[in-house]
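Observations on the three-dimensional arrangement
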Amino acid sequence: MDRLTYSTLRVREQGSVLTARIHRPEADNAINATLVHELDDVFARAAHAEHTTVVVLEGLPEVFCFGADFGVISDAARAGQDTAFDPEPMFELFRRMAYADVLTVAHVRGKANAGGVGLVAACDIVIADDSATFSLSELLFGLIPAVVLPYLIRRTGFQHAHYLAATTQTIDARQAHAWGLVDAVGPDSEALLRRHLQRLGRLSKKGVARYKTYLRELSPLGGHTKDVALATNREVFADPDNVRAIRRYAEDGVFPWESPTAPDAAPDAPHATSPHPPSETTVPPQDQPHAPSPLPEPGPPTAALRAPAPQAAAARVPAAPAVSPRALGNPLFREAHGVDYAYAAGAMYKGIASVDLVTALGNAGMLGFFGTGGLAPDAVDDAITRIKKGLDPGRAYGMNLLSNPEAPDLEARTVELFLRHGVRSVEASAYLRPTLPLVHYRLAGLGTDPDGRLRQDHHIIAKVSRTEVAEHFLRPAPAPLVRQLLTAGLVTPEQAELGARLPLAQDLCVEADSAGHTDGGNAYVLMPAMRALRDRVTNEERYADGAAPRIGAAGGIGTPEAALAALTLGADFLVTGSVNQCTVEAGTSEAVKEILQGLGVHDTEYAPAGDMFEMGARVQAVKKGTFFPARAQKLYDLYLRHDSLDDLDPRTRATLEGKYFKRSLDEVWRETRDHLARRGPERLAEVERSPKQKMAHVFRWYFVHSTRLALHGTPDQRVDYQIHCGPALGAFNSWVRGTDLEPWRNRRVDVVAERLLHATAALLTERLTAYAALTTGATPPRNATPPTSDTAPGGPAPLATTAE
Ligand SMILES: Cc1cc2nc3c(=O)[nH]c(=O)nc-3n(C[C@H](O)[C@H](O)[C@H](O)COP(=O)(O)O)c2cc1C
């Protein structure tokens, strides 16, 4: 390789190892455009050099790299220039470090912050000195480590990265080692590095290049990740509030949460180029009484994470950095489904989750699943066309796919429709095990881009309430079904091969007690069990980084408290149902919405489910003001006790005909028979042979009828309305009582979602601040805790004015 001279780097070469040291002592080794350009040049040349197999990246002994150069941003703002520097070169630099044909080794001593952590995370191997510390301080200034996170998540997994970003907490080298950010740590990192280089020095260029190519294919990054990362980075650096915060810090040493006139405001703030807050790790507490300590220390106490001395902390505890609603949940969920929020509205049959509902959510950056249940393929076809028309370009939508063992043909036709329309997100419900059409949908979306990156165009969210069902979806598609699809020419050998390495569903929606068909499960129990199962299966199947299935939560989410509880249980995304049925867009009658608006938390109960009547399946429905649950139960009891309609005593028969059906049972049977004849004569013949089956079909008519009455809002038959609903709506109703959202006519589905998410984020901030106070023994200042109006539905600021 040519001898090279750079202004921000010191480069030396020894055999097959090239060492690049960041050298900007005047700016705490902060990142500027020149450094990015020069580093990129070093890695590009090393990748192409015939003999270079390893590049070591290191910083100064006390600081590895401190992130973006705030001095430059502040200067640009003062000069009236653009402050949003192009983040693409940095993204591409990280990508080159991670995937170019050379092994990259970070040797970290001292502090690594923000973009500095990105440089570390992008390396193949990280060796840290005991003196090394790591932090992401961006959120303190309203910024987001958007370009860093994809690489950090690749190394540490989502939660550790999320923790670092959300809490802005500094961690020491041992903690970073435990979390996977560091591979080797010791008091003499030079010796540690030498030992590693001895081993790496034995590798051939060809072997290294081939290995890195393979890694590139295994866990590619780019495409949508890149688009989102760059767009987010540009957005936060262009935000005038953030630029103001950066300037105040760079010029006056005042942190965003401090009043500029406060007597104790940052008298000895760290270097002006640094976005890093003073921390208990790096600055003695007595020097920095306002050091943020947003969370109690994680895991076992370490010296670095020890809380500040009480006398220092007692002065005041700042509010934890505001959490943005967009930051809730798993970014990979947002990326996969092309949404801004990790939030979905579950399907509601017969188009109750309507075209308008799905479109409104999609245009607000969320995911709505159209309720295909009980609709003919033509109606579903028409709905997809209308949804696509109503959505702004690039916005997401999803469709419900229901297992239907009684009509397998319908499932296959529905999948054909989805494939024809290019539906990208499907909520798969009522499955006990994978079926051919479902596997077909998943595999048909797999492929590789021309540059070798894995493409997954079809995303399945499998809705489950039981672990044994969940496991089917967490594993790759069953081999016999894949073979069948291959033989039929419905998938390619490449798709079959890719499918064997990926879970059938990338998203599992764990449905606890809700309006859906559940066993009335308990989220506190189900979520940990499902997550443990996911971890076990991920391990056994050896899924690549980022390919582990995500776990979402549904059931009971109607308040910020519930949403936060679900997130704390580890939910990667949230799914609501009941609250959406009582919105302007929901495709049910106004009469139903009037009833729903007045429900409390005790006004629903489990009743037999019409679609799985004979199996004894149950579903939750409104009991206030309707007889439906009681009547449905009565029908089920009669079904269990009798073998035929002829066994019913005359009084019972009269009650059913006069009150429930409002027509004779013979009339009901005639209608049912005509329907069955249209669906399939074989089925009809079978039912006619069995008096018990005939009775079941007559009773099931009541369920169809009562649904229809509700959907049409038939005025004089309210007592028979069948309205599926869980207690989440009662909780929502009491949360919004006395606010603009009390009347259902003000409840737009996207507004409901935004209010919920905004209040959840505010509540999280509030809780973090309160815990910080507990940790330090200080009383939170009155303004540290967001006013309760922030967590109330009536008064949140519009989403656009939050920290993003
Ligand atoms: C009226 C109504 C109809 C529903 N229909 C379906 C459906 O057709 N398919 C489905 O997968 N889930 C269905 N669900 C369940 C929701 O998609 C969602 O998973 C559930 O309601 C979430 O729990 P929650 O009601 O406690 O918010 C329905 C829910 C309601 C309220």
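A quick note: this is a predicted structure, and the numbers were derived from the prediction, not measured.

Right, let's talk about the overall build of the protein for a bit. When helices and strands are tallied, the protein shows 32 helices and 22 strands. When the 804 residues of the protein are sorted by exposure, 58% land in the buried category. Partitioning the contacts of the protein with sequence separation of at least 6, the portion at a separation of at least 24 is 71%. Carbon and sulfur atoms provide 53% of the accessible area of the protein, an area that totals close to 32,500 Å².

Attention now moves to unusual backbone geometry. Positive phi outside glycine occurs at N29, with the angle close to 55°. Within the secondary structure layout, N29 lies in the loop between strand 2 (17–22) and helix 1 (33–48). One non-glycine residue with positive phi stands out, namely K662, at about 55°. Secondary-structure assignment places K662 in the loop between helix 26 (650–660) and helix 27 (665–679). Residue class for K662 comes out partly exposed when judged on its relative accessible area of 43%.

Before going further, it helps to examine the sheet that holds strand 17 (residues 459–464). With parallel pairing, eight strands are arranged side by side around a closed barrel as 11-12-13-14-17-18-19-20. Between one strand and the next, the sheet's axes are offset by a mean angle of 25°, whatever the strand orientation.

Okay, the pairing of strand 19 (residues 550–554) next. Burial analysis of strand 19 places five of its five residues in the buried class, the great majority of the element. Covered by surrounding structure in strand 19 are R550, G552 and A554 together with I551 and A553, the residues of both alternating faces. The sheet contact formed by strand 18 (residues 507–511) and strand 19 spans five bridges and is parallel. Pairing of V510 across the sheet is with A553, part of strand 19. In this fold, strand 18 hands off to helix 21 (residues 523–541), which returns the chain to strand 19; that crossover is right-handed. Note that strand 19 and strand 20 (residues 573–576) share three bridges and pair parallel.

What follows deals with helix 30 (residues 728–736). Of all nine residues in helix 30, seven are buried; the element is thus mostly enclosed. Along helix 30, the residues that are buried comprise A728, L729, G730, F732, N733, W735 and V736. Downstream of helix 30 by a residue or two, G738 has a phi angle that is positive, lying close to 80°.

Moving on: the packing of helix 2 (residues 70–78) against helix 11 (residues 240–252). The geometry of helix 2 relative to helix 11 is characterised by a closest axis approach of 9 Å and an angle of 115° between their N-to-C directions. On the basis of the axis angle, helix 2 is roughly perpendicular to helix 11. The handedness of the crossing between helix 2 and helix 11 comes out as left-handed. Between helix 2 and helix 11, the contacting residues are F70, I73, S74, A77 and R78 on the first element and V243, I246, R247, Y249, A250 and E251 on the second. Partitioned by chemical class, the residues of the contact of helix 2 with helix 11 number seven nonpolar, one polar and three charged.

On to the site of the ligand. Taken together, 19 residues are adjacent to the ligand, and A347, S429, E511, G556 and S578 come closest. Contacts to the ligand include A347, whose backbone N or O atom sits 2.7 Å from an oxygen atom. N400 is positioned such that a nitrogen or oxygen atom in its side chain is 2.9 Å from a nitrogen atom of the ligand. Starting from 610 Å² of accessible surface for the ligand in isolation, the protein chains cover 96%. When the residues that make up the shell around the ligand are grouped by side-chain class, the tally is five nonpolar, 12 polar and two charged.

The next subject is the pairing of strand 14 (residues 425–429). The buried fraction of strand 14 amounts to five of the five residues, a majority that puts the element mostly inside the structure. Burial of the side chains of strand 14 extends over both faces: S425, E427 and S429 are buried on one face and V426 and A428 on the other. Examined bridge by bridge, strand 13 (residues 398–402) and strand 14 share five bridges and lie parallel to one another. Looking at strand 14, one finds that L401 is bridged to A428. After leaving strand 13, the chain enters helix 16 (residues 408–421) and then returns to the sheet as strand 14, a path that is right-handed. Taken together, the four bridges between strand 14 and strand 17 define a ladder with parallel strand orientation.

Overall, mixed pairing links the six strands, which are arranged 1-2-3-5-7-10 in an open sheet. With one partner strand each, in any of the chains shown, strand 1 (9–14) and strand 10 (184–186) form the two edges of the open sheet. Adjacent strand axes in the sheet meet at a mean angle of 15° when their direction is disregarded. Two elements, strand 7 (residues 125–129) and strand 10, share three bridges in a ladder whose sense is parallel. Bridge pairing in strand 10 links I127 to A184. Lying over the sheet, helix 8 (residues 189–200) contacts strand 2, strand 3 (54–58), strand 5 (103–108), strand 7 and strand 10, oriented at roughly 155° with respect to strand 7.

Here H705 shows up in helix 29 (residues 691–712). Classification of H705 by relative accessible area gives buried; the value is 8%. The contacts of H705, once residues within four sequence positions are left out, are R663 and Q717.

Within the fold, E411 resides in helix 16. For the pair formed by E411 and T435, sequence separation is 24 residues and the distance between their alpha carbons is 9.2 Å. With residues near it in sequence (within four places) discarded, E411 still touches L401, L402, S403, N404, Y431, T435, P437 and L438.

Attention now goes to the confidence of the model for the protein. In regions of low pLDDT, the predicted coordinates are not meant to be interpreted in detail. Summary statistics for the protein give a mean pLDDT of 87 and a share of 88% for residues scoring 70 or more. In the model, residues 781–789 has pLDDT below 50 throughout and makes 13 contacts with residues more than four positions away in sequence or in other chains.

Direction vectors running N to C along helix 18 (residues 467–474) and helix 21 enclose 35°, while the axes themselves pass 10 Å from each other. Between helix 18 and helix 21 lies a crossing whose hand is right-handed. Within the contact between the two elements, helix 18 uses T467, A470, E471 and L474 and helix 21 uses A529, M530, L533, R534, R536 and V537. When grouped by side-chain class, the residues that make up the contact of helix 18 with helix 21 number six nonpolar, one polar and three charged.

Right, let's talk about the environment of D124 for a bit. The residue D124 is located in the loop between helix 4 (115–121) and strand 7 in this model. Remark: the alpha-carbon pair of D124 and A106, spanning 18 residues in sequence, is separated by 8.0 Å. Other than its neighbours up to four places away in sequence, D124 contacts M97, A98, V102, L103, T104, R155, D183, K212 and L215. Of the polar contacts made by the side chain of D124, one reaches the backbone nitrogen of T104; its length is 2.8 Å. A polar contact of 2.7 Å, which involves the side chain of D124, links it to the side chain of K212.

Counting 99 residues, the largest nonpolar core has L357, M399, F418, F473, L508, L574 and L596 as the members making the most contacts within it. At eight residues, the largest contribution of residues to this core is made by helix 31 (residues 749–776). Ignoring sequence-local partners within four residues, the contact set of F418 consists of V380, I384, M399, N400, L401, V423, V426 and Y441.

Rules of the game
Position labels on residues start from 1 in each chain and follow its written sequence. For a predicted model such as this one, the threshold for reporting local features is a pLDDT of at least 70, and the threshold for listing and counting side-chain atom pairs is 80 or more; totals across whole chains, interfaces and linings nevertheless cover every residue. For side-chain calculations, the full set of non-hydrogen atoms in the structure is used, while hydrogens and water are omitted. The helix and strand labels rest on DSSP assignments: H or I over at least four residues marks a helix, E over at least two residues marks a strand, and numbering proceeds from the N terminus. When a residue's accessible area, from a 1.4 Å probe over protein chains only, is under 20% of the maximum for its type it is buried; when over 50% it is exposed; and in between it is partly exposed. Residue contacts are counted whenever heavy atoms from the two residues lie within 4.5 Å of one another. Shrake-Rupley sampling with a 1.4 Å probe provides the accessible areas, and residues are treated as covered by the protein chains on show and by no other component. Pairing between two strands is assigned when DSSP locates at least 2 bridges connecting them. For helices, the axis comes from a line fit to the C-alpha atoms of the stretch in contact; other axes are also lines fit to C-alpha atoms, and the angle between any two N-to-C directions lies between 0 and 180 degrees. If you view a crossover with the strands going away from you and the path from the first strand over the helix to the second runs clockwise, you call it right-handed. Here the word oblique covers every angle except those under 35 degrees (roughly parallel), over 145 (roughly antiparallel) and from 65 to 115 (roughly perpendicular). A clockwise turn of the near helix away from the far one marks a right-handed crossing, whereas an anticlockwise turn of less than a right angle marks a left-handed crossing. When residues are grouped by polarity, Ala, Val, Leu, Ile, Met, Phe, Trp, Tyr, Cys and Pro land in nonpolar, Asp, Glu, Lys and Arg in charged, and all others, Gly among them, in polar. We call a residue near a given molecule or strand whenever any one of its heavy atoms falls within 4 Å of it. Any pair of nitrogen or oxygen atoms within 3.5 Å is treated as a polar contact; in protein, a donor-acceptor pairing is required on top of that, and neighbouring residues in sequence qualify only through side-chain atoms on both sides. pLDDT is a per-residue confidence score from the predictor, ranging from 0 to 100. By nonpolar core is meant a set of buried Ala, Val, Leu, Ile, Met, Phe, Trp, Tyr and Cys residues that side-chain atoms within 4.5 Å join together.

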